[in-house]
Amino acid sequence: MNDQTLIDKAKASLGDKVLDITNPAPRRIFIKLKVDDLLAAVNWLKNEMGFTHLATITGVDLGQAFELIYHFANSFTCVNLRTEIPRDNPLLPSICQLIPGAVLYERELQDMFGIVVQNIPDGRPLVLPDDWPAGNYPLRKDWKYERPPEVIPGGKR
Amino acid sequence: MLTKLTQWSRLKSPWILHLNTGACNACDIEVVAALTPRFDVERFGILLKATPRHADVIVCTGPATRQMKDRLIRIYEQTPDPKFVIAVGACAMSGCVYRGAYNVIGGIDQVIPVDVYVPGCPVRPDAVIDGVVKLLNKLKG
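Heads up: these notes are all about the structure in this document. (Residues numbered from 1 in each chain as written. Chains lettered and ligands numbered in written order. Predicted model: local features only at pLDDT ≥ 70, side-chain atom pairs only at ≥ 80, totals over all residues. Heavy atoms only, no water.)

1. Observations regarding the overall build of chain A
Step number 1: The number of helices and strands found in chain A is three helices and seven strands.
Step number 2: Helices and strands appear in chain A in the N-to-C order α-β-β-α-β-β-β-β-α-β.
Step number 3: Compactness check: chain A gives a C-alpha radius of gyration of 19 Å against a globular reference of 15 Å for 157 residues, more than 25% above the reference.
Step number 4: Residues classed as buried in chain A amount to 43% of the 157 residues present.
Step number 5: Contacts in chain A between residues far apart in sequence, at least 24 positions, make up 49% of those at least 6 positions apart.
Step number 6: Positive and negative side-chain charges in chain A, numbering 18 and 20 respectively, have mean positions lying 5 Å apart. (Helix = DSSP H or I, 4+ residues; strand = E, 2+ residues; numbered from the N terminus. Rg over C-alpha atoms; globule rule 2.2 N^0.38 Å. Buried < 20%, exposed > 50% of the residue type's maximum accessible area, 1.4 Å probe, protein only. Contact = heavy atoms within 4.5 Å. Lys, Arg positive; Asp, Glu negative; His and termini not counted. Charge placed at Lys NZ, Arg CZ, Asp CG, Glu CD.)

2. A closer look at the interface of chain A and chain B
Step number 1: At the interface, 14 residues of chain A touch 14 residues of chain B.
Step number 2: Carbon and sulfur atoms make up 48% of the area that chain A and chain B hide from each other, which totals about 1200 Å².
Step number 3: Here chain A is connected to chain B by two salt bridges.
Step number 4: The closest approach of N and O atoms between Arg 71 of chain B and Asp 130 of chain A, which form a salt bridge, is 3.0 Å.
Step number 5: One can count four residue pairs in polar contact (both at pLDDT 80 or more) joining chain A with chain B.
Step number 6: Across the side of chain A that touches chain B, the residue classes tally to 10 nonpolar, no polar and four charged. (Buried area = accessible area lost by both parts, 1.4 Å probe. Salt bridge = Lys/Arg side-chain N within 4 Å of Asp/Glu carboxyl O. Polar contact = N/O pair within 3.5 Å; in protein donor to acceptor, adjacent residues only side chain to side chain. Nonpolar A, V, L, I, M, F, W, Y, C, P; charged D, E, K, R; others polar.)

3. Quick look at the pattern of salt bridges
Step number 1: Summed over the entire model, instances satisfying the criterion amount to 11 salt bridges over all chains.
Step number 2: Lys 134 of chain B is the salt-bridge partner of Asp 130 of chain B, the closest N and O atoms lying 3.1 Å from each other. Placement of both Asp 130 of chain B and Lys 134 of chain B in helix α5 (residues 125–140) is noted, with a separation of four residues, approximately one turn of the helix.
Step number 3: On the basis of relative accessibility, which here comes to 39%, the residue Asp 130 of chain B falls in the partly exposed class.
Step number 4: If you follow the salt bridges from partner to partner, you end up with Asp 61, Arg 87 and Asp 142 of chain A in one network.

4. Concerning empty space enclosed by the protein
All names here are of chain B.
Step number 1: Scanning all chains against the criterion turns up two cavities of 30 Å³ or more.
Step number 2: Quantified by volume, the largest cavity comes out at close to 50 Å³.
Step number 3: Along its surface, the largest cavity is lined by Ile 16, Val 31, Ala 34, Leu 35, Val 41, Ile 46, Val 128, Ile 129 and Val 132.
Step number 4: Those elements that provide at least two residues to the lining of the largest cavity are α2 (26–34) and α5.
Step number 5: The element contributing the most residues to the lining of the largest cavity is α5, with three residues.
Step number 6: Considering only residue class, the lining of the largest cavity consists of nine nonpolar, no polar and no charged. (1 Å grid on protein atoms, 1.4 Å probe; cavity = no way out; pocket = protein on both sides within 12 Å on 5 of 7 lines; lining within 4 Å. Points joined across faces, edges and corners; volume = space filled by probe spheres on them.)

5. Side note on the pairing of strand β4 (residues 65–73) of chain A
Residues and elements named next belong to chain A.
Step number 1: The element β4 is largely enclosed, with a buried count of nine among its nine residues.
Step number 2: Where strand β3 (residues 53–61) and β4 come together, eight bridges link them in antiparallel fashion. Looking at the pairing, Asp 61 lines up with Phe 66 of β4.
Step number 3: Taken together, β3 and the strand that follows it, β4, pair antiparallel across an intervening segment of three residues, in which Gly 63 is found at a positive phi of about 100°.
Step number 4: Summarising the sheet, β4 and strand β5 (residues 78–86) pair through nine bridges and their orientation is antiparallel. Looking at β5, one finds that Ala 65 is bridged to Pro 86.
Step number 5: Hairpin connection, β4 to β5: the antiparallel pair is bridged by four residues. (Pairing = 2+ DSSP bridges.)

6. Some details on the packing of aromatic side chains
Step number 1: Under the definition given, this model contains five aromatic pairs over all chains.
Step number 2: When the ring of Phe 66 of chain A is compared with that of Phe 113 of chain A, the centres are 5.5 Å apart and the planes differ by 65°; the resulting orientation is edge-to-face. In this pair, Phe 66 of chain A is assigned in strand β4 and Phe 113 of chain A in helix α3 (residues 103–113), connecting sequence segments 47 residues apart.
Step number 3: An angle of 90° between the planes, with centres 5.6 Å apart, marks the rings of Trp 143 of chain A and Tyr 102 of chain B as edge-to-face. Here Trp 143 of chain A, found in the segment after β7 (116–118), pairs with Tyr 102 of chain B, found in the loop between α4 (90–94) and β6 (104–106), and the two come from separate chains.
Step number 4: For Trp 143 of chain A, a relative accessible area of 17% gives the class buried.
Step number 5: Residue placement shows Lys 49 of chain B over the ring face of Trp 15 of chain B; its charged tip is 4.3 Å from the ring centre.
Step number 6: Of note, Lys 83 of chain B hangs over the ring of Tyr 76 of chain B, and the distance from its end group to the ring centre comes to 4.5 Å. (Phe/Tyr/Trp six-rings, centres within 6.5 Å; stacked < 30°, edge-to-face > 60°. Lys NZ or Arg CZ within 6 Å of the ring centre and 35° of its normal.)

What follows is the structure, given as structure tokens:
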């Protein structure tokens with residue numbers, strides 16, 4: 001399977017769901033989608049094209065929106081599904097019904113960006129400490145961190 | 001007489017607990033290397049223990065992370081008195097490269113009292129042994 005056949009198949013199967021499709025480097029295909037079409041695209045990738053390995057989900061803070069990149073791989077190539085959700089209403093459908101292992105990445109997205117993943121089977125916090133104050137999302141660009149003052153035991157000499 | 005005996009036994013067999021509070025594992029490997037027959041710390045009576053309840057000395061590697069803070073205090077409180085803490089590595093001393101990260105408080109000394117600091121990134125096994133021996137000399141004097 002080379003890149004061009006995969007691009008053609010994506011255009012044929014997903015049709016007008018594909019907003020944009022680029023092939024910036026060999027064996028790397030970016031497919032841009034609306035967030036409502038995400039589940040259909042993941043279903044197509046997994047069940048028809050055999051992309052069973054979701055490497056990770058990347059979240060990017062673009063200012064007005066969050067971009068999410070789903071990195072899929074099979075033994076031939078990588079396909080990255082890119083989608084954007086608005087920052088003031090960050091709702092994302094869970095893909096755990098198709099790929100159960102995605103729950104870890106989705107929980108991390110909830111922790112680090114404050115994205116609300118709908119229909120997530122297990123929405124507990126994952127990476128942040130237990131006593132983390134609510135409403136603080138470290139990977140948002142506008143999040144500021146004030147380091148608590150350190151005490152030197154015994155004082156400075 | 002009895003105090004002399006306890007002092008002698010304390011100096012001759014400091015049992016240690018190896019504790020990682022969020023290190024990158026380089027210091028842990030060096031601490032484990034210090035326990036191998038090549039360095040032979042058992043000639044000082046140093047023995048690695050699996051639980052804080054059996055330990056006299058906590059050999060602590062890594063910066064104090066926010067998640068580990070309460071657990072670190074709990075481990076410290078589980079250790080029977082008299083207890084001593086050795087901060088092994090630059091991270092345990094000050095936080096090193098993790099200093100200022102949102103999930104790191106700083107060195108171990110921000111959470112529990114520390115007796116001996118062993119610098120290095122990672123430390124050499126000789127330095128760990130030197131730190132323990134320095135602690136024992138401190139107790140002797």
